[in-house]
Amino acid sequence: MSARPNIVLVHGAWADGSCWSAVVESLQAEGFTVTAPQFPETSLADDVARLRQVLKRQDGPTVVVGHSYGGQIITALGPDAPNVVGLVYIAAFGLDEGESIGALLTQGPPTPALAHLDIDELGFAWLPEDDFVQHFAADVDPAKARVMYAVQQALSASTLQDVMGPPAWKSFPSWYLVATADEAIPPDAERQFAARMGATTVEVASSHVPMVSQPAEVVKLVHAAVEGVTAAGRSAATARLGRDSD
């Protein structure tokens, strides 16, 4: 792989594509082609369909980055994700086949950020303002966190029961950022996800939203993924040349 890959950024629940703004700006300044689409969060199937739509529009190899529930979306791509060469998880769910987010969350008491989910009459879950500002985005300036709260994308509660099929991380190299002050997904659960997938792992002192509070660390991990898949591509090309010359 000689050209640098494209980057697709996948937001999670109670967020939208704007949560990646600082990451997008930094990567674009370096010449990367970056896409941060909006996801409906009406069902896991709908979100995977949107991601596949975006991936098919990429003009070459692509690194996909998922945050929180966005990790569920990128994992559910399975082994045949179009144009994908690597996966980056940012404080994200990295489930294995047969698992669901709901089953995982019931293994312990609700985390502070998710303790008071407000389920509306259509079955969508919203975060209350206090939980969003004080726990979900605890290390973000409160004024900015309240803006994030105002634009939150509600998540269909049905997605919590969706069972994972063959996970994409078994087919693609993975990188993982553990947010050590996360109050939505327990940091130890993040470490377990990363270890199980054999991901290259970094730990950052951050709340659940490091792409907002620590964007430079997220960009650094994306760089590592780009370097990793580019080196792998070069090695594969060299191996093919060797076989062709025999």
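Going by the structure above, here's the rest.
Computed from a predicted structure; not experimentally measured. (Residues numbered from 1 in each chain as written. Predicted model: local features only at pLDDT ≥ 70, side-chain atom pairs only at ≥ 80, totals over all residues. Heavy atoms only, no water.)

1. Comments concerning the side chain of D182
Looking at the secondary structure, you find D182 in the loop between strand 8 (174-179) and helix 7 (187-197). At 10 Å, R191 is the nearest oppositely charged side chain to D182, a buried residue that forms no salt bridge. Within polar-contact distance, the side chain of D182 engages the backbone nitrogen of I185 at 3.1 Å. Discounting residues that sit within four places of it in the chain, D182 has contacts with A91, P187, E190, S206, S207 and H208. (Helix = DSSP H or I, 4+ residues; strand = E, 2+ residues; numbered from the N terminus. Buried < 20%, exposed > 50% of the residue type's maximum accessible area, 1.4 Å probe, protein only. Lys, Arg positive; Asp, Glu negative; His and termini not counted. Salt bridge = Lys/Arg side-chain N within 4 Å of Asp/Glu carboxyl O. Polar contact = N/O pair within 3.5 Å; in protein donor to acceptor, adjacent residues only side chain to side chain. Contact = heavy atoms within 4.5 Å.)

2. Describing helix 5 (residues 129-136)
Among the residues of helix 5, D131, F132, V133 and F136 are the ones counted as buried. On the buried face of helix 5, the contacting elements are helix 6 (142-150).

3. Here we look at the sheet that holds strand 8
Taken together, 6 strands build an open sheet; the order of strands is 2-1-3-4-8-9 and the sheet is parallel. Only two strands of the sheet have a single neighbouring strand rather than two, namely strand 2 (34-35) and strand 9 (200-204). With 5 bridges connecting them, strand 8 and strand 9 associate as parallel partners. Counted as the bridge partner of A179 is V204 from strand 9. With respect to the sheet, helix 2 (residues 44-56) is in contact with strand 1 (6-10), strand 2, strand 3 (62-67) and strand 4 (84-90), its orientation differing from that of strand 1 by roughly 165°. (Pairing = 2+ DSSP bridges. Axes fitted to C-alpha atoms, helices over the stretch in contact; angles between N-to-C directions.)

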